[in-house]
Amino acid sequence: MAPTDQKTEIVSPAEVPEDLPLPSDPKVIFLGGLFVLALLAAAYIASEIILPFVFAIVLKLLLQPAFRILERLHVPQIIAALLLILALFGAVVGLGAAISSPARTWAAKLPEGIPRLQEQLNFLREPVDTLQRFLQQVQDFGAGPLPTVAASAQGPTLLSKLFTGTRNFASGFFTTVLFLFFLLVYGDIFLHRLVEILPRFKSKRQVVEISQQIESDISAYLVTITIMNAAVGIATALAMSFTGVGDPILWGTVAFLLNYVPILGTALGVLIFLLAGLLTHDILWQALLPAGLYFGFHLIEGETVTPLLIARRFTLNPVLVIISLVFWFWMWGIPGVILSMPMLAITKIICDRLQPLAAFGHFLEG
C-alpha cells in the first residue's frame, strides 16, 4: 500500500467536506468487516471483562475535566483518582440508600392500587379487550397442534434478559472501579507509547492532536448530557413534590437515569409517572399532571437546550439510535442500553476526525 494511503487527516467537525471518500479496495472492506464482526463477537463472549472496561472508559472521559483540574492544583494523580472514585461511588451508594426505602414503599403500594387503576382506566377496557381478542385470533391463526412445545422453544424472555444483564453488570462493579482507577492514573501511557513508535514527526503530531480533540469533545459531550439530565431530575423532583406524588429524590433519580436513554427512556418515564399519578390521585387531571410535567421538561431539554449546547456535530440519526439501543440491550442488557448512546457518540466523533471514516461519520449524523 502506498504511503499516501496511510496518511490520516484531521477533519474539523464544523466543516463538512465536499468529497466524502469511500473505501474502494474490496480487500480493505472485507478485512474491515471481519474486524468489526470479531470485535462484536469478543464483546459478546467476554462481556464480563469488556463491559466493565467500556464502562470505565466512559466514566474516565466523564471525570477527565475534574481530574485535569486537580492536576493543575498539584494534587498527585493517585490521590486525585482516589478522590474522584470515592466521590462518584459514594454519591451512587448514598443515593441508592436514599431511594431504597421509597422504592420498596411504592412496590408494596402497586398491588393494592391495581383496583383503583382498573376503575380509573375503565374507559379503556373495551378497546383493550378488542385488541386482545384480535391478537389472540392472529396467534391462533395457523397455529400447530402443540402450542406448548412452541412456547417452550422460544428464546429467553425480555425479563430474564433484563435481570441477566443487570446481574452481570453488578458482578463487574469491582472490576469497573479497578479499571477506572488505572485509566485515570496511567491512561496517558498508551498515547505516549504510540507516539514513540511512530516513525515521522508529522505522524506523531497528528496522533497527539487527534487524541486531544477526541478527549476534549467526548468529555464535553458526556459532561453536558450529565448536567442536563441532572437538571431534568431536579425539575422532576420539584414537580413530584408540587403535585403531591411525594418522594422527590426517588422520582428525580428515575428521571435522571431514564434521560440517558433517548426516545425509549422518555416513553418509559411517561408511563411510570402516569402510573404514579394514578396511584396517588383520584381526579383524572391531577393524575395526568405528573406525566405531563415530566414530558414537558423533556421537550424543553431534549428539543431546545441540549441541541444548543452540544451543537450539530453531536446530533445522531434517530433510526441508528434505536438500532443501537436494541442491539446493545441484546448484547449486554440494561448496561448496554445505558452505554449505547455514549458509544455511538464516541464512534461519530472519531469518524468525523479521521478522513478515511468521514463518510461513515456523516452517515451517523442526524
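Above this note sits the structure.
This section reports on the structure supplied with the text. (Residues numbered from 1 in each chain as written. Predicted model: local features only at pLDDT ≥ 70, side-chain atom pairs only at ≥ 80, totals over all residues. Heavy atoms only, no water.)

Looking now at the overall build of the protein. Of the regular secondary structure elements, the protein holds 15 helices and 0 strands. Looking at the protein as a whole, 34% of its 366 residues qualify as buried. Long-range pairs, those at least 24 residues apart, make up 75% of the contacts in the protein between residues at least 6 apart in sequence. A total of about 22,200 Å² of accessible surface is found on the protein, and carbon and sulfur atoms cover 72% of it. (Helix = DSSP H or I, 4+ residues; strand = E, 2+ residues; numbered from the N terminus. Buried < 20%, exposed > 50% of the residue type's maximum accessible area, 1.4 Å probe, protein only. Contact = heavy atoms within 4.5 Å. Areas by Shrake-Rupley, 256 points an atom, 1.4 Å probe, with all protein chains shown as cover.)

Look at His74: it is not a glycine, yet its phi comes out positive at around 65°. Backbone geometry places Asp247, a non-glycine residue, at a positive phi of 50°. For Asp247, the location among the structural elements is in the loop between helix H9 (201-242) and helix H10 (248-258). According to the relative accessible area criterion, Asp247 is partly exposed, its value standing at 29%.

Okay, the pattern of salt bridges next. Counted under the stated rule, the structure contains 2 salt bridges. Among the salt bridges present, the one from Glu71 reaches Arg68, with a minimum N-O distance of 3.2 Å. Separated by 3 residues within a single helix, Glu71 and Arg68 lie in helix H2 (residues 47-72), roughly one turn from each other. Look at Glu71 and you get partly exposed, because its relative accessible area is 23%. Between Asp188 and Arg68 there is a salt bridge, and its shortest N-O distance comes to 3.7 Å. Placement of Asp188 in helix H8 (residues 188-197) and of Arg68 in helix H2 is noted, with a sequence separation of 120 residues between them. (Salt bridge = Lys/Arg side-chain N within 4 Å of Asp/Glu carboxyl O.)

Think of a pair of aromatic rings as described by two things: how far the centres are apart, and how the planes are tilted against each other in angle. Summed over the entire model, instances satisfying the criterion amount to 11 aromatic pairs. Ring plane angle 25° and centroid distance 5.9 Å describe the contact between Phe182 and Tyr186, whose orientation is recorded as stacked. In this pair, Phe182 and Tyr186 both sit in helix H7 (residues 173-186), 4 residues apart, roughly one turn of the helix. A relative accessible area of 38% places Tyr186 in the partly exposed class. Ring plane angle 45° and centroid distance 6.0 Å describe the contact between Phe327 and Trp330, whose orientation is recorded as tilted. Here Phe327 pairs with Trp330, and both are found in helix H13 (residues 318-332), just 3 residues apart, close to one helical turn. Of the residues examined, Phe327 reaches a relative accessible area of 27% and is grouped as partly exposed. (Phe/Tyr/Trp six-rings, centres within 6.5 Å; stacked < 30°, edge-to-face > 60°.)

Here we come to helix H12 (residues 284-310). The terminal C-alpha atoms of H12 lie 38 Å apart, and with 27 residues this matches the ideal 39 Å at 1.5 Å per residue to within 8%. By the largest-angle criterion, Glu301 marks the main kink of H12, which is about 35°. For H12, the secondary structure elements touched by its buried residues are H9, H10 and helix H11 (264-280). (Expected span 1.5 Å × (residues − 1). Bend = angle between axes of the 7 residues up to and from the residue.)

Let us now look at the environment of Lys204. With respect to the helices and strands, the residue Lys204 is situated in helix H9. Sequence-wise, Lys204 and Leu194 are 10 residues apart; in three dimensions their C-alpha atoms are separated by 8.2 Å. Here Lys204 is in contact with Val195, Glu196 and Leu198, once residues within four sequence places are set aside.

Across its 42 residues, H9 extends 61 Å between first and last C-alpha, which sits within 8% of the 62 Å expected from 1.5 Å per residue. Looking one or two residues past H9, Gly244 carries a phi angle of roughly 90°, positive in sign.

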